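An overview of the molecular structure
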Amino acid sequence: MANNGNDGNNDSDGDSDGDREFFRARLIEQRDELLRVRETGEQAAGTVELDQGKVGRLSRMDAMQAQAMSQESNRRREIRLRQIDAALGRLDAGEFGWCFDCDEEIARLRLEFDPAATRCLSCAEKAEI
Ligand SMILES: [Zn+2]
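Residues numbered from 1 in each chain as written. Predicted model: local features only at pLDDT ≥ 70, side-chain atom pairs only at ≥ 80, totals over all residues.

Regarding the overall build of the chain
A tally of regular secondary structure across the chain gives five helices and zero strands. The buried share of the chain, reckoned over its 129 residues, is 8%. Sequence separation of 24 or more characterises 46% of the internal contacts of the chain that already satisfy a separation of 6 or more. (Helix = DSSP H or I, 4+ residues; strand = E, 2+ residues; numbered from the N terminus. Buried ≥ 20, exposed ≤ 12 C-beta atoms within 10 Å, placed from the backbone. Contact = placed C-beta atoms within 7 Å.)

Thoughts on the nonpolar core
By size, the foremost hydrophobic cluster in this structure holds six residues: F23, L27, I84, A87, F96 and A116. Counting residues per element, the ones that place at least two in this core are α1 (17-40) and α3 (60-93). Among all residues touching F96, those that are not within four sequence positions of it are R20, F23, A87, R90 and L91. (Core = buried A, V, L, I, M, F, W, Y, C linked by C-beta atoms within 7 Å.)

A word on α3
Between its first and last C-alpha, α3 extends 49 Å over 34 residues, near the 50 Å set by a 1.5 Å rise per residue. A positive phi of about 75° marks G94, the residue just after α3. (Expected span 1.5 Å × (residues − 1).)

Digging into the confidence of the model for the chain
Taken over all residues, the pLDDT of the chain has a mean of 82, while the share at 70 or more is 74%. Note on residues 1-12: pLDDT under 50 across the span, and two contacts to partners over four residues away in sequence or across chains. (pLDDT = per-residue confidence, 0-100.)

Description of the packing of α1 against α3
Closest axis-to-axis distance for the α1/α3 pair is 10 Å, and the angle between their directions is 155°. Judged by the inter-axis angle, α1 sits roughly antiparallel to α3. Considering the relative orientation of α1 and α3, their crossing is left-handed. Packed against α1, whose contacting residues are R20, F23, R24, L27, Q30, R31, L34, V37 and R38, the element α3 presents R77, R80, L81, I84, A87, L88 and L91 at the interface. Across the contact of α1 with α3, the residue classes tally to nine nonpolar, one polar and six charged. (Axes fitted to C-alpha atoms, helices over the stretch in contact; angles between N-to-C directions. Parallel < 35°, antiparallel > 145°, perpendicular 65-115°, else oblique. Left-handed = near helix turned anticlockwise from the far one by under 90°. Nonpolar A, V, L, I, M, F, W, Y, C, P; charged D, E, K, R; others polar.)

Description of unusual backbone geometry
Phi angles above zero are rare outside glycine, and D103 is one such case at about 65°. Tracing the chain through its elements places D103 in the loop between α3 and α4 (108-113).

Section: the environment of D101
Looking at the secondary structure, you find D101 in the loop between α3 and α4. A tally of 14 C-beta atoms within 10 Å means that D101 is categorised as partly exposed. Note: C-alpha distance between D101 and A124 (23 residues apart in sequence) is 9.0 Å. When residues no more than four places from it in sequence are discounted, the contact partners of D101 are R119 and C123.

Following this line, the structure appears as structure tokens:
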């Protein structure tokens, strides 16, 4: 059976398009969710409502605490969005899935858990200590 193999344009360098599309879809899904939360002002967990009627019944401390929590979750969301955008950029550049610190490949399971991960597990653990 003759197969000259000259038309093989997939599996070129082990970074298969299927994987890239899988992670791209995951990242876009997460980004869309964050953007939706940003637009609606809705919090992912434990909605903090600060409309006029309710603020009246909250103590000043409670209101300040709720506001601080809301600002903190906004801040985290913006950081997360930047991480996701950066990961999408790495996908486009063909640099996705490599540890920033040691240049080793990041474990696939870790990327499935967090496609925006920038470090392999051992470097991430070192960074967090
Ligand atoms: Zn590493």
